[in-house]
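Examining the three-dimensional arrangement
Take a look at the letters that make up each chain.
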Number of protein chains: 2
Amino acid sequence: MEDMPHPVRATVASLARRAGVAASTVSRALRDDPRISPEVRARIAALAAEAGYTPNALARTLVSGRSGLIGLVLGPMDNPFYAEMMQQIVSQAAARGWRLLLLHAGDGPMEEATAAALLQYRVDGCLITSAGLSSRAASVCAENRVPLVMVNRVAREHGSAVSCDNLAAGETLAELLMQAGHRRLAVITGNPGTSTGLERTEGFVRRVLAAGLPAPLLLPGGASHAAGYAAGQSMAALPAGERPDAVMGVSDILAMGAMDALRGAGLSVPGDVSVVGIDGIAAAGRVPYRLTTVAQPLEAMIARGLDMLLARIGGAQVPDEVVLLRGSLIRRASARLVAPGQG
Amino acid sequence: MEDMPHPVRATVASLARRAGVAASTVSRALRDDPRISPEVRARIAALAAEAGYTPNALARTLVSGRSGLIGLVLGPMDNPFYAEMMQQIVSQAAARGWRLLLLHAGDGPMEEATAAALLQYRVDGCLITSAGLSSRAASVCAENRVPLVMVNRVAREHGSAVSCDNLAAGETLAELLMQAGHRRLAVITGNPGTSTGLERTEGFVRRVLAAGLPAPLLLPGGASHAAGYAAGQSMAALPAGERPDAVMGVSDILAMGAMDALRGAGLSVPGDVSVVGIDGIAAAGRVPYRLTTVAQPLEAMIARGLDMLLARIGGAQVPDEVVLLRGSLIRRASARLVAPGQG
DNA sequence: TTGAAAGCGTTACCAC
DNA sequence: GTGGTAACGCTTTCAA
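First, a word on what this report is: a plain description of the structure on this page. The model shown is predicted, which means the values in this text are computed figures rather than measured ones. Once a new chain begins, its residue numbering starts again from 1 and follows that chain's sequence as written. Following the order in which they are written, the chains are lettered starting with A and the ligands numbered starting with 1. Where local features are concerned, this predicted model is filtered to residues with pLDDT of at least 70; where side-chain atom pairs are given and counted, the filter is 80 or more; whole-chain, interface and lining totals use all residues. Remark: hydrogens and water are excluded; side-chain values derive from all non-hydrogen atoms of the structure.

1. Some details on the overall build of chain A
Rule in force here: Comment: elements are numbered from the N terminus, with helices defined as DSSP H or I runs of at least four residues and strands as E runs of at least two. The globule rule is 2.2 Å times the number of residues to the power 0.38, and the radius of gyration it is compared with is taken over C-alpha atoms. For every residue, the accessible area (1.4 Å probe, protein chains only) is compared with the maximum for its type, and the residue is labelled buried under 20%, exposed over 50%, or partly exposed between those bounds. Positive charges come from Lys and Arg alone, negative charges from Asp and Glu alone, with His and the N- and C-terminal ends not counted. In this description, the location of a charge corresponds to atom NZ of lysine, CZ of arginine, CG of aspartate or CD of glutamate.
Of regular secondary structure, chain A possesses twelve helices and twelve strands. At 26 Å, chain A has a C-alpha radius of gyration far larger than the 20 Å of a compact globule built from 343 residues. Seen through its C-alpha atoms, chain A measures out along the principal axes to roughly 90 × 45 × 35 Å. Burial statistics for chain A: of 343 residues in total, 55% are counted as buried. Averaging the positions of the 32 positive and the 29 negative side-chain charges in chain A gives two centres separated by 5 Å.

Listed below in structure tokens is the structure:
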């Protein structure tokens, strides 16, 4: 190891000096501009490698107007779904050569300074995955014409969105449960004001009513296992005659919490109560849950979202759009799937 | 809504023009330089607000040499521990006014371009939470003198680290299990080459041997629930006389997988087998796991890690250091805690 | 094919 | 107190 006091970073100018050419020549050579002669290009490339040259992306931004950064706003991490989503985002963004400025993660409100950073660092666009309806980042983007795509939530006022067809997912599960002969249905709802949860609930309820059954029991839930657990406990506490025989959690994690509570209270799932969820998180597929669910097409959603962002960053005056992708039903052991006596 | 074709961003120069002062004055006024007279400062502040001025952090970086960015490298997200850690990092970094450049998340190797981005965006420092021993980011940082702190792993060659005292955690759990009368012990190990897992295993084994018991059975594990589940199945398949009566997973998620497998095979936890883990993730505390574990002091670890990073970014020639924080034992229902016949 | 110079937005230094 | 000017590192005209 050398022991230079200040390992000064090589710059285009320093390389130019050492190569005896102009800075513009170095800049062009390094970006493989076809106008530069092969010899010069090779010489500069060698020099750059030797000096350990790394272009300064920030300086480049200043002149190009593009930062290559996209702001990322993540939802509450206590739902594993968001962790899975994040992993998708990170790998797909990297594959496209974008860097992620991680602005927020969690349920709380975004800090003032963080919202400001979104603008100060001149992100090219913003990806918002928080399910909450009131997203600070969204309005900041809209006010400042920063291209914005929301994933897993609908755009209320501005911006585009890509999301699972939540209404259809709710309907699918209601249909599934009714066909299996369930008659007393329930829904564990999401956080109030959360679009995904509302839509899933609505799809479910609509389908049940359309079939002529009484409206499902709505159990207040939230976004966490604990909330689902509480809802499950309140179900278990009902007299057997009033207790629903099937329940949908508006997210897998809620459904999992409910299963744990029901079983903890001595009830059998799916023997006494069928439980289904929506999201398709990995944990829900495993023992002891084996949850029947509608899986969101996560990879495709992110790919689509980044496509949309790219189009808007490109400068084209593309109108806002909302894309709905259909989820896929996964039948597993948490729900009885045939009417009693048919098996 | 106005309909300006190009909502040109206000700059220091444009504000200076409109205020009839020099750019340097605007710059000073905006940063509350005491030399600027109150009237001028007020006038400029008003103008800036009206124009919706946002300083360009990238341009500022160019002259100051500080980007305010810290690179973040996250481990495999299928372990909820990393999600919890991320949330801590995001909120604590924001509180200190740092922005996070999310470079990597997951188990796979870091892409070439991503490693380059670390340098190109001139991150002030790097926080690495991946448990894998071979971290590409670490060597990039070291070679380029980018301050580096690793969390939840020890620094091998360069850089500083803050970590839980994994050895002590393993010892604590071995002691706990032996005191409860367990005699046939086992460990579900982590990914090979992962320092945290190795240390936890070593602490456990050391303590068991010191007590004169036979060496614990080492079951190959990994980093996921599935790996723990497989290990649990192999335990359950052993003849009753050879089956361990207590097992430690080197992480909570492994222990949870093992519990699910053991119970799935008809065994009782903790009736037939006691199970303990390490990490203290939220999911492990809940029904049906109620896992006895050693919780990592996550909040303190991150705070300490950021402190260390700050000190090194400050420019002070601080020598590399490794900080070990002690975890805290949480006794729950997954392990029998008294010798049979003592209750 | 290459060079010179201007400019991106900000801050720091030196005058006044 | 405030104004000029240079500088950060890069790209991009416009000339040659």
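Read on for the rest.
2. Comments concerning the protein's contact with DNA strand D
Put simply, the rule reads: One heavy atom within 4 Å of a molecule or strand is enough for the residue carrying it to be called near that molecule or strand. The term polar contact refers here to a pair of N or O atoms within 3.5 Å; inside protein, the definition further demands a hydrogen-donor-capable atom paired with an acceptor-capable atom, and it admits residues adjacent in sequence only when both atoms are side-chain atoms. When residues are grouped by polarity, Ala, Val, Leu, Ile, Met, Phe, Trp, Tyr, Cys and Pro land in nonpolar, Asp, Glu, Lys and Arg in charged, and all others, Gly among them, in polar.
Lining the immediate environment of DNA strand D, one finds 25 residues, of which Val12, Tyr53 and Arg60 of chain A together with Thr25 and Arg35 of chain B sit closest. Among all atoms of DNA strand D positioned within 4 Å of the protein, those belonging to sugar or phosphate total 67%. Val12 of chain A is positioned such that a nitrogen or oxygen atom in its backbone is 2.5 Å from a phosphate oxygen of DNA strand D. Take Asn56 of chain A: an N or O atom from its main chain is 3.2 Å from a phosphate oxygen of DNA strand D. Sorting the residues of the surface near DNA strand D by element identifies helix 2 (23-30) and helix 4 (57-64) of chain A together with helix 2 (23-30) and helix 4 (57-64) of chain B as the ones contributing at least two each. Broken down by element, the residue count for the surface near DNA strand D peaks at four residues, all from helix 4 of chain A. Tallied by class, the residues present in the surface near DNA strand D amount to twelve nonpolar, eight polar and five charged.

3. Considerations on the relation of the copies chain B and chain A
This is how it is decided: The copies were overlaid with a least-squares fit restricted to C-alpha atoms from residues scoring a pLDDT of at least 70 in each copy. By definition in these notes, contact holds between two residues if any of their heavy atoms fall within 4.5 Å.
Between chain B and chain A, which share one sequence, the superposing operator has a rotation angle of 180 degrees and an axial displacement of 0.0 Å; the RMSD is 0.1 Å. Taken together, the rotation and translation describe the operation of a two-fold axis. Relative to the rotation axis, the closest C-alpha in chain B is found at Leu101 of chain B, a distance of 2.4 Å. In this assembly, 100% of the residues forming the interface of chain B have copies in chain A that are likewise at the interface, indicating an isologous arrangement.

4. A short note on the interface of chain B and chain A
What counts, and what does not: As used here, buried area is the combined drop in accessible area, with a 1.4 Å probe, of two parts when they are placed together. We define a salt bridge as a contact between a side-chain nitrogen of Lys or Arg and a carboxyl oxygen of Asp or Glu at a distance within 4 Å.
Taken together, the contacts link 52 residues of chain B with 52 residues of chain A. In total, chain B and chain A occlude about 4700 Å² of area from one another, counting both sides; carbon and sulfur atoms represent 61% of this. Taken together, the links from chain B to chain A amount to zero salt bridges. Linking chain B with chain A are twelve residue pairs in polar contact (both at pLDDT 80 or more), by the criterion used here. Elements with a minimum of two residues in the side of chain B that touches chain A: helix 4, strand 1 (69-74), helix 5 (80-95), strand 2 (99-105), helix 6 (112-120), helix 10 (225-236) and helix 11 (252-264) of chain B.

5. Concerning the nonpolar core
Our working rule: What is meant by a nonpolar core is a set of buried Ala, Val, Leu, Ile, Met, Phe, Trp, Tyr and Cys residues, joined one to another through side-chain atoms within 4.5 Å.
In terms of nonpolar packing, the biggest core is built from 144 residues, with Met86, Leu102 and Val275 of chain A together with Met86, Leu102 and Val275 of chain B touching the most fellow members. Residues contacting Leu102 of chain B, with those up to four places away along its chain left out, are Leu72, Met86, Val90, Leu100 and Leu102 of chain A together with Leu72 and Leu74 of chain B. Core analysis: the next-biggest nonpolar cluster, separate from the first, contains 46 residues, Ala115 and Cys141 of chain A together with Ala115 and Leu148 of chain B among them.

6. Here's the deal with the side chain of Gln92 of chain B
Along the polypeptide, Gln92 of chain B turns up in helix 5. For Gln92 of chain B, the contacting residues outside a window of four places in its chain are Glu299, Ile302, Ala303 and Leu306 of chain B.

7. Considerations on the sheet that holds strand 12 (residues 328-330) of chain B
All names here are of chain B. Counted only if it meets this: Pairing between strands is defined by DSSP: at least two bridges between them are needed. Only the stretch in contact is used when a helix axis is fitted, and all axes are lines through C-alpha atoms; the angle between N-to-C directions ranges over 0 to 180 degrees.
Strand order in this open sheet of six strands is 7-6-8-9-10-12, and the pairing throughout is mixed. Looking at strand neighbours, the two that pair on one side only are strand 7 (217-219) and strand 12, the edges of this open sheet. Recorded for the sheet is a direction-independent mean angle of 20 degrees between the axes of neighbouring strands. With three bridges connecting them, strand 8 (residues 246-249) and strand 9 (residues 274-279) associate as parallel partners. When the bridges of strand 9 are listed, Ala246 appears paired with Ser274. Most of the contacts of helix 9 (residues 195-210) go to strand 6 (residues 185-188), to which it runs at about 170 degrees, and overall it touches strand 6, strand 7, strand 8 and strand 9. Each of strand 6, strand 7 and strand 8 is contacted by helix 10, which is oriented at about 135 degrees to strand 7, the strand it contacts most.

8. Comments concerning the pairing of strand 9 of chain B
All names here are of chain B. Selection criterion: With its strands directed away from the observer, a crossover is right-handed exactly when the path from the first strand over the helix to the second travels clockwise.
Taken across its six residues, strand 9 has six buried, putting it largely inside the fold. The β-α-β motif built from strand 8, the intervening helix 11 and the parallel element strand 9 has right-handed crossover chirality. Of the pairings in the sheet, the one linking strand 9 to strand 10 (residues 292-295) comprises four bridges and is parallel in character. Residue pairing for strand 10: Ile278 is matched across the bridge by Val294.

9. Quick notes on the packing of aromatic side chains
Residues and elements named next belong to chain A. The condition that has to hold: Only the six-membered ring of Trp is used, alongside the rings of Phe and Tyr, when aromatic pairs are assigned; centres must lie within 6.5 Å, and planes under 30 degrees apart are stacked while those over 60 apart are edge-to-face, with the rest tilted.
By the definition in use, this model includes two aromatic pairs over all chains. Measuring from ring centre to ring centre gives 5.7 Å for Phe81 and Tyr82, while their planes differ by 75 degrees; the resulting arrangement is edge-to-face. Comparing Phe81 with Tyr82 shows no difference in burial state: the two are buried.

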